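The residues making up each chain are set out below.
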Amino acid sequence: MSLVRRAVPEDAGELLRLRQVMIDAVRSEAAADWHAESLPGLRARLADPDGDFAAFVVDHPERPGALAALVVGTLEYRIGRAGHPRGLAGFVFSVATDPDARRRGYARACMEELLAWFRERGAGYVHLTASAQAEPLYASMGFVRKPDPLMELTL
């Protein structure tokens, strides 16, 4: 039996907590002041099992009501191209494990479920950004570093 399950709206607060853990690990940013505004939209996305958003989680084995790990991604449409004519791409944007639950395989198990979800929906490829600490995990799952010149504009 898998420890991984699909997240539900009641998990939204814990998803935000673990997302903050991930954010804090890669950069300094104002903490929970954004959580309250994010909560309603996240709950709505989690309530739509047929949408383009999915989160997979593992419940914390020592803390009832808490999550040990999460992986979150979206399925996006992009105009097709050679090798990927349907234009469906997966994007992983949150992977986090509670500090006291690390090194137990939870993130890998969640990633495997998310990748299966992407495959079931016809994604031709999956993108993610990796911290140096997480890169070995993703490489072991078949991800390769790309020289994509990503740029960002904050609106």
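About the thresholds
Residues numbered from 1 in each chain as written. Predicted model: local features only at pLDDT ≥ 70, side-chain atom pairs only at ≥ 80, totals over all residues. Heavy atoms only, no water. Helix = DSSP H or I, 4+ residues; strand = E, 2+ residues; numbered from the N terminus. Buried < 20%, exposed > 50% of the residue type's maximum accessible area, 1.4 Å probe, protein only. Areas by Shrake-Rupley, 256 points an atom, 1.4 Å probe, with all protein chains shown as cover. Lys, Arg positive; Asp, Glu negative; His and termini not counted. Charge placed at Lys NZ, Arg CZ, Asp CG, Glu CD. Axes fitted to C-alpha atoms, helices over the stretch in contact; angles between N-to-C directions. Parallel < 35°, antiparallel > 145°, perpendicular 65-115°, else oblique. Left-handed = near helix turned anticlockwise from the far one by under 90°. Contact = heavy atoms within 4.5 Å. Nonpolar A, V, L, I, M, F, W, Y, C, P; charged D, E, K, R; others polar. Salt bridge = Lys/Arg side-chain N within 4 Å of Asp/Glu carboxyl O. Phe/Tyr/Trp six-rings, centres within 6.5 Å; stacked < 30°, edge-to-face > 60°. Lys NZ or Arg CZ within 6 Å of the ring centre and 35° of its normal. Core = buried A, V, L, I, M, F, W, Y, C linked by side-chain atoms within 4.5 Å.

Draft legend 1. Structural view of the overall build of the protein. Regarding its fold elements, the protein presents four helices and five strands. Put simply, the protein runs from its N terminus to its C terminus through helices and strands in the order β-α-α-β-β-β-α-β-α. Overall, the protein is about 45 × 40 × 35 Å in size when its C-alpha atoms are taken along their principal axes. Buried residues in the protein amount to 39% of all 155 residues. Total accessible area computed for the protein in this model is approximately 9700 Å², and 56% of it derives from carbon and sulfur atoms. Put simply, the protein has 19 plus and 21 minus side-chain charges, and the middle of one group is 6 Å from the middle of the other.

Draft legend 2. Structural view of the packing of helix H1 (residues 12–26) against helix H2 (residues 35–46). Closest axis-to-axis distance for the H1/H2 pair is 9 Å, and the angle between their directions is 120°. Classified by the angle between their axes, H1 and H2 sit oblique to one another. As for the relative orientation of H1 and H2, their crossing is right-handed in sense. Every residue of H2 that contacts H1 at Ala-12, Gly-13, Leu-15, Leu-16, Arg-17 and Gln-20 is listed here: His-35, Ser-38, Leu-39, Leu-42, Arg-43 and Leu-46. By residue class, the composition of the contact of H1 with H2 is six nonpolar, four polar and two charged.

Draft legend 3. Quick peek at the pattern of salt bridges. Enumeration over the complete set of coordinates arrives at eleven salt bridges. A salt bridge links Glu-62 to Arg-104, with the nearest nitrogen and oxygen atoms 3.3 Å apart. Remark: Arg-104 occurs in the loop between strand S4 (88–97) and helix H3 (106–120) and Glu-62 occurs in the loop between strand S2 (53–59) and strand S3 (67–77); sequence separation between them is 42 residues. Between Asp-100 and Arg-63 there is a salt bridge; the shortest N-O distance is 2.9 Å. With Asp-100 in the loop between S4 and H3 and Arg-63 in the loop between S2 and S3, this residue pair connects regions lying 37 residues apart in the sequence. Accessibility expressed as a relative area gives 30% for Arg-63, which makes it partly exposed. The network of salt bridges with shared partners includes Glu-14, Arg-17, Arg-63, Asp-98 and Asp-100.

Draft legend 4. Quick peek at the packing of aromatic side chains. For the structure shown, the criterion picks out three aromatic pairs. Measuring from centroid to centroid gives 5.5 Å for Trp-117 and Phe-118, while their planes differ by 55°, and the two rings are tilted. For the ring pair Tyr-138 and Phe-143, a centre distance of 5.9 Å and an interplane angle of 70° mean the geometry is edge-to-face. For the pair Tyr-138 and Phe-143, a shared accessibility class is recorded, and that class is buried. The aromatic ring of Tyr-125 is capped on one face by Arg-81, whose charged end is 4.8 Å from the ring centroid.

Draft legend 5. Region of the structure containing unusual backbone geometry. Positive phi values are uncommon outside glycine, yet Arg-103 reaches one of about 70°. With respect to the helices, strands and loops of the structure, Arg-103 is situated in the loop between S4 and H3. Residue Arg-103 is classed as exposed on the basis of its relative accessible area of 85%.

Draft legend 6. Region of interest: the nonpolar core. Val-92, Met-111, Leu-114, Phe-118 and Tyr-138 are the most contacted members of the largest nonpolar core, which totals 25 residues. Mapped onto this core, the elements with two or more residues apiece are S2, S3, S4, H3 and helix H4 (135–140). Setting aside residues up to four positions removed in sequence, Tyr-138 forms contacts with Val-95, Met-111, Leu-128, Ala-130 and Phe-143. Listed in part, the 18 residues of the second largest apolar core include Ala-12, Leu-42, Phe-53 and Leu-67.

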